Each structure stands twice: as C-alpha cells, then as structure tokens.
Amino acid sequence: MALLNFRREAERPTNGVVTAFLEGVSIEVMPRTAAAIEDFRPLLPPGTRVYIAHIEGTPIEDMIATARRLREEGFEPMPHFPARIIRDAAELGDWVARYKGEAGVTQALLLGGGVKTPAGKLDNAMQMLESGVFSGFERLHVAGHPEGNRDIDPDGSDRAVMEALRLKQAFSERTDAAMAIVTQFAFEPAPIIAWADRLASEGIALPIHIGVAGPAKLQTLLKFAISCGVGPSLKVLQKRAKDVTKLLLPFEPTDLIAALAAHKAAHPGFGIEAVHFFPLGGIKTSATWIADHTKG
C-alpha cells in the first residue's frame, strides 16, 4: 500500500507545474462582496484581472464604482455585460462609455445572462459584439459551458452552444481585441479535457479560461452548483457528501487543478490558457488558496 501511495504522489504535478498553470489567474466579485474587502492589494497580485458580476437589479453606478475602485488599487476590472438585463443598444452604449470614461475599463465579459425574459431586444453576446460599441476594447471574453447549458439547449444537446461559439470564433478573426472563453465551473477534469479537445477539433481556437469554484463548504458548493446548472461533474460533490468524514471539511479545487495542470504540462497545445476563480467560499478564502499554490 505504501508503494502504491508513493506512485500516486510521484505522478502528481510538482508545485512548479501548478504554479505555471495558475499564471494569469483571475477572480470574480460582485459590488456587495467587493465592498466587504477593505483593500484588495494584500490579497491579489498586482494587475490581476477581476471580473465584476452584474446581477439583475444591481445599479450600474455600483458596478462602475467597483470597477473604478479596482482600477485605483492596481487591478484590471472586467465587468459583465449580460445582454438580457440591458434595455436596448442605447443603454449598452451608455454603460460602455461610462465604464471607459469613469473607470478606465478596456476589458469586458459579454454573455446572454441568466434572465428568462429579456429587458429589451438584446438577447445574446453576439448582438453586443456586432454592435460595434466595444470598438477600442483590448480584451473581450465570452461564456463557455463544458457540461452544456440547458437554458440554451433544453434538449440536453450542445448544438446551439457550439454554433454560438463558432460565431464568436469567426468574430475573433475580424477584431483587434484579444478574445477568450471563460467557463462555468465544474468539478471533474475528464469532461473539461474532452470539451476543450472537442472545441479544437471543431476549429474553435479561442483560448479557454477555465472556471473553478474556490474553496468552500460542501453545502455552499452544492447549492451554487445546482442553481448554476453544473452538469455531470456534480456527482463529485454528491459522492463527497455521502462521506461523513469529509462532510464538514471545506472542498478545495486542489485535485482538479493538479489534474488539469498535469494534462497541460504533457500537452502544451491544450486549449486552457488560464484559470478563473468563482470565490463561492469568500474572496479571502480563494485569494489565500491561490497565494498558497503560486509561491515559488
């Protein structure tokens, strides 16, 4: 048994491999969670990309204030633009102009948004990309779903999701902005690897920023995973929930990231370019985990 354990440990990536995989890591906040952090500078490396999630009902003033604060503290704010909560092209243009003028924003995540009834005519990221209002932005990210998305493909297939990614790939070839796919979080490496390889085989070459749930209580992760529509890899959490010895311990992404890092080291052309953290257990908790795993 000792020999078996030794072999397993030897096959795990070294800290250097994980550190390399975590280079360029990003994290997500909301205005209310950011407000609880007195200063981000002790928590995150300078220049870290910080996504700002725009939940329906959040005033645009709060979003812009959060972006401005992050910029002033030396970080790269990337606000969400959820199409279905934006009333029309005029409002979209106003938001973009205000972000640029008041907070120096040059990066954005464009997505449909989880709202069932759109506030206006905007419904998806492609409409916003094609509008031209993001001209001059340095970086534009779009959403990806390694385990599918029932809101987009109710039949459980991935036909609509894949077609949307093909359109975004085509757009990336005619824009000067750097583009990438940032994904929903998942808990199992095999489906992520298979999905990334499939994108490559379909000619979708957009770099992938893989979504990872930061350390959190198991009950918290289960709640968010179910509400966010996480797919088959949810069974990783469900299996852990049956183990009473682990039920009260926080779930960490260590094994998932180690497996993906090992795969990337063995296959340098693998499509994952960066890791994006959803700090479901708190910003400080995720920031501490990142710091502990990126030390030289």
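This text follows the structure it describes.
No experiment lies behind these values; they were computed from the predicted model shown.

Overview of the pairing of strand 3 (residues 76–82)
Most of strand 3 sits out of view: seven of its seven residues are buried. Residues of strand 3 alternate between two faces, with Glu76, Met78, His80 and Pro82 on one and Pro77, Pro79 and Phe81 on the opposite face, all of them buried. Regarding topology, helix 4 (residues 60–72) serves as the crossover connection from strand 2 (residues 49–52) to the parallel strand 3, and that connection is right-handed. Judged from the three bridges that link them, strand 3 and strand 4 (residues 107–111) form a sheet pairing that is parallel. Note on strand 4: the bridge partner recorded for phenylalanine 81 is leucine 110. For the handedness criterion, the β-α-β arrangement of strand 3, helix 5 (residues 89–103) and strand 4 is classed as right-handed.

Some thoughts on the pairing of strand 8 (residues 272–278)
Where burial is concerned, most of strand 8 is hidden: six out of the seven residues are buried. Sheet topology places strand 1 (residues 26–29) next to strand 8; two bridges connect them, and they run parallel. Counted as the bridge partner of serine 26 is histidine 276 from strand 8. Note: strand 7 (residues 208–213) against strand 8, six bridges, orientation parallel. Bridge assignment links histidine 209 to a residue of strand 8, and that residue is alanine 274.

With respect to the packing of helix 4 against helix 5
Two elements in contact, helix 4 and helix 5, have axes separated by 9 Å at closest approach and are oriented at 35°. Crossing of helix 4 over helix 5 shows right-handed handedness. Between helix 4 and helix 5, the residues in contact are Ile60, Glu61, Met63, Ile64, Ala67, Arg68 and Arg71 and Trp95, Arg98, Tyr99, Glu102 and Ala103, respectively. Its residues assigned to classes, the contact of helix 4 with helix 5 comprises seven nonpolar, no polar and five charged.

Section: helix 7 (residues 159–172)
Over its 14 residues, helix 7 extends 20 Å from the first C-alpha to the last, a length consistent with the 20 Å expected when each residue adds 1.5 Å. When we look at burial in helix 7, the residues that qualify are Val161, Met162, Leu165, Lys168, Gln169, Phe171 and Ser172. The inward-facing, buried residues of helix 7 abut helix 6 (125–131), strand 5 (139–144), strand 6 (178–185) and helix 8 (189–201).

Considerations on the nonpolar core
Phe40, Phe81, Phe134, Leu140, Ile257, Val275 and Phe277 are the most contacted members of the largest nonpolar core, which totals 70 residues. Residues in contact with phenylalanine 277, not counting those within four places in the same chain, are Leu22, Val25, Ser26, Ile27, Glu28, Val212, Gly214, Pro253, Ile257, Ser286, Trp289 and Ile290.

A short note on the side chain of glutamine 169
With respect to the helices, strands and loops of the structure, glutamine 169 is situated in helix 7. Every residue in contact with glutamine 169, bar those within four places of it in the chain, is listed here: Gly203, Ile204, Ala205 and Leu206.

What to know about the side chain of threonine 66
Within the secondary structure, threonine 66 sits in helix 4. Engagement of the side chain of threonine 66 in a polar contact is seen with the backbone oxygen of aspartate 62, the distance being 2.8 Å. In contact with threonine 66, not counting residues within four places along its chain, are Val29, Pro31, Ala34 and Ile52.

Rules used in this analysis
Within each chain, residues carry numbers counting from 1 in the order of the written sequence. Confidence filtering applies because this is a predicted model: local features only for residues at pLDDT of at least 70, side-chain atom pairs given and counted only at 80 or more, and all residues used for totals across whole chains, interfaces and linings. Computation of side-chain values: all heavy atoms of the structure, hydrogens and water removed. When a residue's accessible area, from a 1.4 Å probe over protein chains only, is under 20% of the maximum for its type it is buried; when over 50% it is exposed; and in between it is partly exposed. Strands here are runs of E lasting at least two residues and helices are runs of H or I lasting at least four, both read from the DSSP assignment and numbered beginning at the N terminus. Whether a crossover is right-handed comes down to one check: with the strands pointing away from the viewer, does the path from the first strand over the helix to the second run clockwise; if it does, it is right-handed. Only when DSSP finds a minimum of two bridges between them are two strands counted as paired. All axes here are fitted lines through C-alpha atoms, helices being fitted over the stretch that makes contact, and every angle between N-to-C directions spans 0 to 180 degrees. If you view the pair so one helix is near and one far, a crossing is left-handed when the near helix is turned anticlockwise from the far one by less than a right angle, and right-handed when it is turned clockwise. Whether two residues are in contact is decided by their heavy atoms, any of which lying within 4.5 Å being enough. Residues are grouped as follows: Ala, Val, Leu, Ile, Met, Phe, Trp, Tyr, Cys and Pro are nonpolar; Asp, Glu, Lys and Arg are charged; every other residue, Gly included, is polar. Take the number of residues in a helix, subtract one, and multiply by 1.5 Å to get its expected span. Buried Ala, Val, Leu, Ile, Met, Phe, Trp, Tyr and Cys residues form a nonpolar core when they are joined through side-chain atoms within 4.5 Å. Throughout this description, a polar contact denotes any pair of N or O atoms lying within 3.5 Å of each other; where both atoms belong to protein, one of them has to be capable of donating a hydrogen while the other can accept it, and for residues adjacent in sequence the pair is counted only when both atoms sit in side chains.

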